[in-house]
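Descriptive structure summary
In case you want the letters, here they are:
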Amino acid sequence: QVQLVESGGGLVQPGGSLRLSCAASGRIFSINRMGWYRQAPGKQRDLVAVVTSGGTTNYLDSVKGRFTISRDNARNTVSLQMNLLQPDDTAVYYCNADQVCTIRGCTYDHWGQGAQVTVSS
């Protein structure tokens, strides 16, 4: 069974930095896309950043130049370095892994438990 475990998050002042990490466990052969979504209270869950197994990245416009996504394919991990954080970045951040292939086949749309990021002075 595939599980995603997140770490990081917390409270930071505007302009500060945080790093989120996510590790996928299970007897995994490959993961196509890994990414981060966020959901603020009363709002929908939005894609923040995604990276494919080949290294192609895509970012939400509002985080471009401030956030950097990276992954380690050998360790099945993905990280999100968040710099110049702003109050509008406050949300629960969720790790996502799509098309995860194991000896039992491929499954889709796995989620981590969520990590609270609060940007406030």
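Preceding block: the structure.
Treat the numbers as computed from the prediction; the structure is a model and nothing was measured.

Reading the values: rules and limits
- Residues numbered from 1 in each chain as written.
- Predicted model: local features only at pLDDT ≥ 70, side-chain atom pairs only at ≥ 80, totals over all residues.
- Heavy atoms only, no water.
- Phe/Tyr/Trp six-rings, centres within 6.5 Å; stacked < 30°, edge-to-face > 60°.
- Helix = DSSP H or I, 4+ residues; strand = E, 2+ residues; numbered from the N terminus.
- Buried < 20%, exposed > 50% of the residue type's maximum accessible area, 1.4 Å probe, protein only.
- Lys NZ or Arg CZ within 6 Å of the ring centre and 35° of its normal.
- Polar contact = N/O pair within 3.5 Å; in protein donor to acceptor, adjacent residues only side chain to side chain.
- Disulfide = S-S within 2.5 Å.
- Salt bridge = Lys/Arg side-chain N within 4 Å of Asp/Glu carboxyl O.

**Let's talk about the packing of aromatic side chains**
With the rule as written, the count across this model stands at 2 aromatic pairs. Ring plane angle 85 degrees and centroid distance 6.4 Å describe the contact between Tyr94 and Trp111, whose orientation is recorded as edge-to-face. Placement of the pair is Tyr94 in strand β9 (residues 91-102) and Trp111 in strand β11 (residues 110-111), with a sequence separation of 17 residues. By relative accessible area, Trp111 is classed as partly exposed at 31%. One aromatic cluster in this structure is built from Tyr37, Tyr94 and Trp111. The ring of Tyr94 has Arg45 lying over it, and the distance from NZ or CZ to the ring centre is 3.7 Å.

**A closer look at the environment of Gln81**
Inspection of the secondary structure assignment puts Gln81 in strand β8 (residues 77-82). In this structure Gln81 comes out as partly exposed when scored by relative accessible area, which is 22%. C-alpha of Gln81 to C-alpha of Thr118: the two residues are 37 residues apart in sequence and 15 Å apart in space. A distance of 2.9 Å separates polar atoms of two side chains, one belonging to Gln81 and the other to Asn83.

**Notes on the state of the cysteines**
Here is the idea: a disulfide is a covalent bond, and it sits between the sulfur atoms of two cysteines. Evaluation of the coordinates by the stated rule reveals 2 disulfides. Here Cys22 connects covalently by a disulfide to Cys95, the sulfurs 2.1 Å from one another. Between Cys22 and Cys95, the S-S torsion sits near -80 degrees, and that sign places the bridge as left-handed. Taken together, the positions of Cys22 in strand β3 (residues 18-25) and Cys95 in strand β9 put the pair 73 residues apart, joining distant regions of the chain. Take Cys95: its relative accessible area is 0%, and that puts it in the buried class. For Cys101, the disulfide goes to Cys106, at an S-S distance of 2.0 Å. Taking the torsion about the sulfur-sulfur bond, which here is approximately 100 degrees, the covalent link between Cys101 and Cys106 counts as right-handed. The class of Cys106 is partly exposed, set by a relative accessible area of 36%. If one numbers only the bonded cysteines of the protein chain, in the order they occur, the disulfide pattern is 1-2, 3-4.

**Comments concerning the pattern of salt bridges**
Evaluated as defined, the whole model comprises 4 salt bridges. A salt bridge links Asp89 to Arg38; its shortest N-O distance comes to 3.0 Å. Here Arg38 lies in strand β4 (residues 28-39) and Asp89 lies in the loop between β8 and β9, a separation of 51 residues in the sequence. A single burial state applies to Asp89 and to Arg38, both of which are buried. Note that Arg66 and Asp89 form a salt bridge whose closest N and O atoms lie 2.8 Å from each other. With a gap of 23 residues between them, Arg66 in the loop between β6 (57-59) and β7 (67-72) and Asp89 in the loop between β8 and β9 connect regions that are remote in the sequence. The class of Arg66 is buried, set by a relative accessible area of 9%.

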